[in-house]
Amino acid sequence: MIDVTLAVGGRNYTVSCADGQEEHVQRLAAVIDGKLGSMGANLSSQEAKNLLFAALLLADELDEAKQRAAPPEPAFDADRLAGQLERIAVALENAASTLEDGTSAS
């Protein structure tokens, strides 16, 4: 573990992270800092509340992105499937009938 200093909301925070993850953690902190900056006049005098709102906004953006990235539900056409199964059943019955006829002719 290594300590890294993050500047968020005009304050510095020291956190520990895995070796080699320093730049990644700093990029994430920069995203949070940017979100706080975009809140402008909506900032509270309570630091924890500001961080909570920034986290909620980011979580909402992440949720929306996940929903957009989710593959659409496949369309299920029960009537079409029933028709296909019916055609398969008829084809199997015809094949069985042909085999029976061929067996009895021998």
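Everything discussed here concerns the structure shown above.
Everything in this summary refers to the structure shown in the same document. (Residues numbered from 1 in each chain as written. Predicted model: local features only at pLDDT ≥ 70, side-chain atom pairs only at ≥ 80, totals over all residues. Heavy atoms only, no water.)

### So, the overall build of the chain
A count of helical and extended segments in the chain gives three helices and two strands. Taken from N to C terminus, the helices and strands of the chain fall in the order β-β-α-α-α. Over its C-alpha trace the chain gives a radius of gyration of 31 Å, far above what one expects of a compact globule, namely 13 Å for 106 residues. Burial statistics for the chain: of 106 residues in total, 10% are counted as buried. Per element, the accessible surface of the chain, about 8400 Å² overall, is 57% carbon and sulfur. Across the chain, the 8 positively charged side chains and the 17 negatively charged ones have centroids separated by 10 Å. (Helix = DSSP H or I, 4+ residues; strand = E, 2+ residues; numbered from the N terminus. Rg over C-alpha atoms; globule rule 2.2 N^0.38 Å. Buried < 20%, exposed > 50% of the residue type's maximum accessible area, 1.4 Å probe, protein only. Areas by Shrake-Rupley, 256 points an atom, 1.4 Å probe, with all protein chains shown as cover. Lys, Arg positive; Asp, Glu negative; His and termini not counted. Charge placed at Lys NZ, Arg CZ, Asp CG, Glu CD.)

### Things to note about the packing of helix 1 (residues 22-38) against helix 2 (residues 47-69)
Describing two packed helices takes the angle between their axes plus the distance from one axis to the other. Between helix 1 and helix 2, whose axes approach to 9 Å, the crossing angle comes to 105 degrees. Of the possible angle classes, the one that applies to helix 1 and helix 2 is roughly perpendicular. Along its contact with helix 1, which presents V31, I32, K35 and L36, the element helix 2 presents N50, L51, A54, L57, L58 and E61. Looking at side-chain class alone, the contact of helix 1 with helix 2 contains seven nonpolar, one polar and two charged residues. (Axes fitted to C-alpha atoms, helices over the stretch in contact; angles between N-to-C directions. Parallel < 35°, antiparallel > 145°, perpendicular 65-115°, else oblique. Contact = heavy atoms within 4.5 Å. Nonpolar A, V, L, I, M, F, W, Y, C, P; charged D, E, K, R; others polar.)

### Side note on the nonpolar core
Ranked by size, the top nonpolar core spans nine residues in total: V4, L6, V8, C17, V25, A29, L36, M39 and A54. Of all the secondary structure elements, the ones that give two or more residues to this core are strand 1 (2-8) and helix 1. Once residues lying within four places of it in the same chain are set aside, the contact partners of L36 are V8, G9, L43, N50, L51 and A54. (Core = buried A, V, L, I, M, F, W, Y, C linked by side-chain atoms within 4.5 Å.)

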